Amino acid sequence: MPVLGLGGFFFRARDPGALRDWYREVLGVGNGCGADAEGQTHDWCWSPAPGPLVFEPFAADSDYFKADRAYMLNLRVSELDALLADLRARGVSIETRAEWDDQGIGRFARLHDPEGNPIELWEPPTPARADRVPQAL
C-alpha cells in the first residue's frame, strides 16, 4: 500500500489564527508541537508520538457526537487526569462518563474547542495496544 499514514487534518474555522493558537496552547496540538525522530521540532509540522490511530466513518444518524458536526477529533493522550485538571483550570468544560471507559480500550473525556467542534480525549490502556481500539457505534 502506498499510503503511509495520516498526513494532515484540515478544517474550516471562523477565526483560523485564534483556533490554531488555542489548540497549540491548550492541548499542545498543531504545527510546532512534538519532536520528530531526530528530536527536532518544525514550525510547519506537528510530530505526534507514534501509536494507534482509529479511522472510522460513523453512521449519519449516530448520536456519538452532535448531528450538526461532520467530524469529531479524537486525540490520544497520556496522563488524562492531569490533562483534565489543567483544562478545567483554564476554564474548559469537560464531560466524562464512567460508561465510556473500558479497561481493554481505555479512558475517555470530551470537550469542545472555542468554535464548538467536538474533541474526544482517549487515554489507551498501558501499554497501548493497536489491536484494542474503539469500535464504531
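Quick note: structure is the one above.
Everything numeric here is computed off the predicted structure, so don't read it as measured data. (Residues numbered from 1 in each chain as written. Predicted model: local features only at pLDDT ≥ 70, side-chain atom pairs only at ≥ 80, totals over all residues. Heavy atoms only, no water.)

1. What about the packing of aromatic side chains?
Step number 1: If you walk through the whole model with that rule in mind, you get 8 aromatic pairs.
Step number 2: Here the aromatic rings of F9 and Y71 are separated by 5.2 Å at their centres, their planes lie at 75°, and the arrangement is edge-to-face. Linking F9 in the segment before helix 1 (16-27) with Y71 in the loop between helix 1 and strand 1 (73-76), this pair joins segments that are 62 residues apart in sequence.
Step number 3: Site record: aromatic cluster; members linked through ring pairs are F9, F11, W22, Y23 and Y71.
Step number 4: In this structure, R110 packs its charged tip against the face of W100, placed 4.2 Å from the ring centre. (Phe/Tyr/Trp six-rings, centres within 6.5 Å; stacked < 30°, edge-to-face > 60°. Helix = DSSP H or I, 4+ residues; strand = E, 2+ residues; numbered from the N terminus. Lys NZ or Arg CZ within 6 Å of the ring centre and 35° of its normal.)

2. Examining the pattern of salt bridges
Step number 1: Counting across every chain of the model gives 7 salt bridges.
Step number 2: A salt bridge links D81 to R107; the nearest nitrogen and oxygen atoms lie 2.7 Å apart. Taken together, the residues span a long stretch of sequence, with D81 in helix 2 (residues 80-89) and R107 in strand 2 (residues 107-112) at a distance of 26 residues.
Step number 3: Here R107 falls in the partly exposed class, since its relative accessible area comes to 30%.
Step number 4: R90 is the salt-bridge partner of D86, the closest N and O atoms lying 3.1 Å from each other. (Salt bridge = Lys/Arg side-chain N within 4 Å of Asp/Glu carboxyl O. Buried < 20%, exposed > 50% of the residue type's maximum accessible area, 1.4 Å probe, protein only.)

3. A short note on the nonpolar core
Step number 1: Membership of the largest hydrophobic core comes to 19 residues, with the highest contact counts inside it found for L27, L87 and L121.
Step number 2: Elements with a contribution of two residues or more to this core: helix 1, strand 1, helix 2, strand 2 and strand 3 (118-123).
Step number 3: Sort the elements by how many residues they give to this core and helix 1 lands first, with 5 residues.
Step number 4: Apart from residues lying up to four places away in sequence, L121 is in contact with L75, V77, L80, L83, L84, L87, R107, F108, A109 and L111. (Core = buried A, V, L, I, M, F, W, Y, C linked by side-chain atoms within 4.5 Å. Contact = heavy atoms within 4.5 Å.)

4. Some details on unusual backbone geometry
Step number 1: Even without being a glycine, E79 presents a positive backbone phi close to 50°.
Step number 2: By the element assignment, E79 lies in the loop between strand 1 and helix 2.

5. Observations concerning the side chain of S47
Step number 1: For S47, the location among the structural elements is in the loop between helix 1 and strand 1.
Step number 2: Filtering out sequence-adjacent residues up to four positions away, S47 remains in contact with C33, G34, A35 and D36.

6. Let's talk about the sheet that holds strand 2
Step number 1: Spatial ordering of the open sheet is given by 1-3-2, a layout of 3 strands whose pairing is mixed. Across the chains shown, the open sheet's two edge strands, defined by having one partner strand only, are strand 1 and strand 2. Here the strands of the sheet are splayed against their neighbours by 25° on average, with no regard to which way each runs.
Step number 2: In this structure, strand 1 lies alongside strand 3, joined through 4 bridges in parallel fashion. Across the sheet, L75 pairs through a bridge with L121, a residue of strand 3.
Step number 3: Most of the contacts of helix 1 go to strand 3, to which it runs at about 25°, and overall it touches strand 1, strand 2 and strand 3.
Step number 4: Here helix 2 sits on the sheet in contact with strand 2 and strand 3, set at roughly 20° to strand 2. (Pairing = 2+ DSSP bridges. Axes fitted to C-alpha atoms, helices over the stretch in contact; angles between N-to-C directions.)

The analysis is restricted to geometry; functional conclusions fall outside its scope.
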